[in-house]
Number of protein chains: 2
Amino acid sequence: MATSIHISLDHKCYLREPESTELGKRIISESIRLIDALGFEHFTFKKLGAEIGSTEASIYRYFENKHKLLVYLVSWYWAWVDYTVTFQTHNIADPRERLCRALEVLTKAGQDDDPSVAYIDERILYRIVVAESSKVYHTKEVDAENKEGYFLEIKRLCHRLAEMVLAVNPAYPYPHALISTAMEAAHQQLYFAKHLPSLTEIKDTQHPEEETKDFLKHLLFSAIDSIQYKSK
Amino acid sequence: MATSIHISLDHKCYLREPESTELGKRIISESIRLIDALGFEHFTFKKLGAEIGSTEASIYRYFENKHKLLVYLVSWYWAWVDYTVTFQTHNIADPRERLCRALEVLTKAGQDDDPSVAYIDERILYRIVVAESSKVYHTKEVDAENKEGYFLEIKRLCHRLAEMVLAVNPAYPYPHALISTAMEAAHQQLYFAKHLPSLTEIKDTQHPEEETKDFLKHLLFSAIDSIQYKSK
DNA sequence: TCATTTATAATAGTAATACTATCAAAAAAG
DNA sequence: CTTTTTTGATAGTATTACTATTATAAATGA
């Protein structure tokens, strides 16, 4: 991912497009740093304003509230993973290998050294996604926000991966459920490894992403393969 | 579960034991109703006070803040599931059948018609757990709260189920990861079925718990069985 | 039973959060 | 170089998340 790419979202969770201005980009890049440092509940627009040498009021011109900013960050992340999965799998003919590669991207999305967008630190963003992303849809407003298209990016990726599952075995009956479970588990297991280690065999030392990938690979392929293959 | 049982927690996330007084019990039973109705972010002690004809200040004598109240509710839920799993599986000799039964309890914990504790509506509590439980450990305070023992109940259940996995196949290398994934997925898939249906094949119509159970049963047993059996 | 401890209700108050409004200055666009 | 747009500075409001105080009510215990 050496050349610069552009990730655009399928919805407008913002008031003003943050990538269109200098201030907007600073809001994004510093909010990533600050949410990671403080945790989402302790993060406020006032603190962010102080951090970037601007004011609360100016930030409110870009995002209605901090929840919508989180939606933006998480949606951006899923759009980026979707792009990366597509890019990394497009010339792989074998369905099993393709799904394997996709799982690798999914579990190693936090390892990227070569950021594709200058003002977004993907490694820190990944930590935010692991720790906070479930909050974007665990709200009373989930149905209204779903209608607004706020979750299109994760749905698109889920569907793409589910199709890869079906390419391996068209008879597997729960491709989307399997993938959404894996997408959540990829983050959860890393979080558990770090904070609640007795809930997982994954160790936070060494290469937790690698171990998570192995666990998920085995989980997915045994589920897919234990259904007798039937072509469409 | 006809006779009354007593669920006690392994930690003190409260200031005063709520089950020891009339007010304490009203705090628990009405907070369950109110969190379900408003969602956790819109829920406040002031609103709860109004609901139960008491005051904010009185509630603060039982719980330091609303987060600790949620910890209490979710811990109670896991302790109750743990109790139910133990009760429902203790005379089943066959390891596979035992794990099956446990998975059934896990996915159908919201179906209980015959509440074991008078002031706790387990069906509503289950909805709260499905929608809000991940928030109890997704905070900056997770490590400190873990030290205080706030997550002992879920860890105990996870370990119990992991042992059931090992009883089926002692060679399976990720029993805790598998179970923690399943515990989370049981709730997530129900939530997705209701709010983000394109992420799952589970339908919210009819019997989503039954479908979730089938999905998880297949997922777990294919993972466990695809490792060659080796006895300890 | 009465004295004493303890729990609750009522009220008030503070600091922080989550915003909204106004207006002038600066920057960008035409 | 004028007009529009964006930002910064400031102020202000309602709500949240508490803490403190005191009077009363209830429970306890000698």
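Residues numbered from 1 in each chain as written. Chains lettered and ligands numbered in written order. Predicted model: local features only at pLDDT ≥ 70, side-chain atom pairs only at ≥ 80, totals over all residues. Heavy atoms only, no water.

1. Examining the overall build of chain A
In step 1: In terms of helices and strands, chain A carries 10 helices and 0 strands.
In step 2: Relative to the 2.2 N^0.38 estimate, which gives 17 Å for 232 residues, the radius of gyration of chain A is 18 Å and therefore close to what a compact globule would have.
In step 3: In terms of overall dimensions, chain A has C-alpha extents of about 60 × 40 × 35 Å along its principal axes.
In step 4: Expressed as a percentage of the 232 residues in chain A, the buried residues total 58%.
In step 5: In chain A, the proportion of contacts linking residues at least 24 apart, taken out of those at least 6 apart, comes to 70%.
In step 6: For chain A, the computed accessible surface area is about 9800 Å², with 50% contributed by carbon and sulfur atoms.
In step 7: A distance of 3 Å separates the average location of the 28 positive side-chain charges in chain A from that of its 34 negative side-chain charges. (Helix = DSSP H or I, 4+ residues; strand = E, 2+ residues; numbered from the N terminus. Rg over C-alpha atoms; globule rule 2.2 N^0.38 Å. Buried < 20%, exposed > 50% of the residue type's maximum accessible area, 1.4 Å probe, protein only. Contact = heavy atoms within 4.5 Å. Areas by Shrake-Rupley, 256 points an atom, 1.4 Å probe, with all protein chains shown as cover. Lys, Arg positive; Asp, Glu negative; His and termini not counted. Charge placed at Lys NZ, Arg CZ, Asp CG, Glu CD.)

2. Describing empty space enclosed by the protein
Think of a ball as big as a water molecule: rolled over the atoms, this probe shows where empty space is left.
In step 1: Summed over the entire model, instances satisfying the criterion amount to 4 cavities of 30 Å³ or more.
In step 2: Quantified by volume, the largest cavity comes out at close to 300 Å³.
In step 3: Taken together, 29 residues line the largest cavity, and the ones lying closest to its centre are Ser133, Ser134, Tyr137, His138 and Glu184 of chain A.
In step 4: Going through the elements one at a time, α4 (66-89), α6 (122-132), α8 (152-168) and α9 (175-195) of chain A together with α6 (122-132) and α9 (175-195) of chain B are the ones with two or more residues in the lining of the largest cavity.
In step 5: Here the lining of the largest cavity is built from residues that sort into 15 nonpolar, 11 polar and 3 charged.
In step 6: Considering only enclosed or pocket space, the second largest cavity measures out at about 110 Å³ in volume.
In step 7: Those elements that place two or more of their residues in the lining of the second largest cavity are α4 (66-89) and α9 of chain B.
In step 8: The element best represented in the lining of the second largest cavity is α4 of chain B, accounting for 4 residues. (1 Å grid on protein atoms, 1.4 Å probe; cavity = no way out; pocket = protein on both sides within 12 Å on 5 of 7 lines; lining within 4 Å. Points joined across faces, edges and corners; volume = space filled by probe spheres on them. Nonpolar A, V, L, I, M, F, W, Y, C, P; charged D, E, K, R; others polar.)

3. Notes on the interface of chain B and chain A
In step 1: Each partner contributes residues to the interface: chain B has 53 residues there, and chain A has 53 residues.
In step 2: Across the chain B to chain A interface the summed buried area is about 4400 Å²; carbon plus sulfur atoms make up 60%.
In step 3: When the area that chain B buries against chain A is broken down by residue, the three leading residues are His138, Leu199 and Glu201 of chain B, summing to 15%.
In step 4: At the surface where chain B touches chain A, the tally comes to 0 salt bridges.
In step 5: Taken together, the connections running from chain B to chain A amount to 27 residue pairs in polar contact (both at pLDDT 80 or more).
In step 6: Going through the elements one at a time, α1 (22-38), α6, α7 (142-147), α8 (152-168), α9 and α10 (208-225) of chain B are the ones with two or more residues in the side of chain B that touches chain A.
In step 7: By residue number, the principal contributor to the side of chain B that touches chain A is α9 of chain B, which donates 13 residues. (Buried area = accessible area lost by both parts, 1.4 Å probe. Salt bridge = Lys/Arg side-chain N within 4 Å of Asp/Glu carboxyl O. Polar contact = N/O pair within 3.5 Å; in protein donor to acceptor, adjacent residues only side chain to side chain.)

4. Some remarks on α1 of chain B
All names here are of chain B.
In step 1: When the terminal C-alpha atoms of α1 are compared, their 24 Å separation across 17 residues agrees well with the 24 Å that a helix rising 1.5 Å per residue should span.
In step 2: Buried positions along α1 lie against α2 (45-51), α3 (56-60), α4 and α6.
In step 3: Measuring from the side-chain oxygen of the N-cap residue of α1 to the backbone nitrogen of Gly24 gives 2.9 Å; that N-cap residue is Thr21. (Expected span 1.5 Å × (residues − 1).)

5. Comments concerning the protein's contact with DNA strand C
In step 1: Around DNA strand C, the structure places 18 residues, and the nearest of them are Glu56 and Asn65 of chain A together with Ser54, Arg61 and Tyr62 of chain B.
In step 2: Within 4 Å of the protein, atoms of DNA strand C come from sugar and phosphate in 54% of cases.
In step 3: At 3.1 Å from a base nitrogen of DNA strand C is found a side-chain nitrogen or oxygen belonging to Glu56 of chain A.
In step 4: The contact in question runs from a phosphate oxygen of DNA strand C to an N or O atom on the side chain of Ser54 of chain B, over 2.5 Å. (Near = heavy atom within 4 Å.)

6. A few points about the environment of Leu70 of chain B
All names here are of chain B.
In step 1: Along the chain, the position of Leu70 falls in helix α4.
In step 2: Given the relative accessible area of 0%, Leu70 is considered buried.
In step 3: Sequence separation between Leu70 and Thr21 is 49 residues, and the spatial gap between their C-alpha atoms is 19 Å.
In step 4: Setting aside chain neighbours within four positions, we find Leu70 in contact with Phe40, Ile128, Glu132, Lys135 and Val136.

7. Quick notes on the packing of α9 of chain A against helix α10 (residues 208-225) of chain A
Helix-helix packing is characterised by the crossing angle of the two axes and by the distance between the axes.
Residues and elements named next belong to chain A.
In step 1: In contact at an axis separation of 10 Å, α9 and α10 are set at 155 degrees when each is read in the N-to-C sense. When the axis of α9 is compared with that of α10, the two are roughly antiparallel. Between α9 and α10 the crossing geometry is right-handed. Only Pro208, Glu209, Thr212, Phe215, Leu216, Leu220, Ala223 and Ile224 of α10 make contact with α9, whose side of the interface consists of Leu178, Ile179, Ala182, Ala185, Ala186, Gln189 and Leu190.
In step 2: Class assignment of the residues belonging to the contact of α9 with α10 gives a composition of 12 nonpolar, 2 polar and 1 charged. (Axes fitted to C-alpha atoms, helices over the stretch in contact; angles between N-to-C directions. Parallel < 35°, antiparallel > 145°, perpendicular 65-115°, else oblique. Left-handed = near helix turned anticlockwise from the far one by under 90°.)

8. Focus: the UniProt feature "DNA-binding region" (unreviewed entry) in chain A
In step 1: Here the UniProt-annotated "DNA-binding region" (unreviewed entry) positions come out as residues 44-63 of chain A.
In step 2: Across residues 44-63 of chain A, helical content stands at 65% and strand content at 0%; the span's end C-alpha atoms are separated by 12 Å. (UniProt positions renumbered as here; feature names shortened; annotations may be inferred.)

9. A look at the packing of aromatic side chains
In step 1: Scanning all chains against the criterion turns up 28 aromatic pairs over all chains.
In step 2: Note on Phe192 of chain A and Tyr137 of chain B: the rings are 5.7 Å apart at their centroids and 65 degrees apart in plane angle, and the pair reads as edge-to-face. Taken as a pair, Phe192 of chain A in helix α9 and Tyr137 of chain B in the loop between α6 and α7 lie in two separate chains rather than in one.
In step 3: Assessed through its relative accessible area of 1%, Phe192 of chain A is described here as buried.
In step 4: Between the NZ or CZ atom of Arg16 of chain B and the centre of the ring of Tyr62 of chain B, over which it lies, the distance is 5.6 Å.
In step 5: For Lys66 of chain B, the ring lying beneath its charged end belongs to Phe40 of chain B, and the centroid distance is 4.8 Å. (Phe/Tyr/Trp six-rings, centres within 6.5 Å; stacked < 30°, edge-to-face > 60°. Lys NZ or Arg CZ within 6 Å of the ring centre and 35° of its normal.)

10. Structural notes on the relation of the copies chain B and chain A
In step 1: With an RMSD of 0.0 Å, the operation that places chain B on chain A is a rotation of 180 degrees combined with a shift of 0.0 Å along the axis. Such a combination of turn and shift is consistent with a two-fold rotation axis. Relative to the rotation axis, the C-alpha of Ser222 of chain B is the closest in chain B, positioned 2.7 Å from it.
In step 2: The overlap is high: 100% of the interface residues of chain B also sit at the interface in chain A, so the same surface is used on both sides. (Least-squares fit on C-alpha atoms with pLDDT ≥ 70 in both.)

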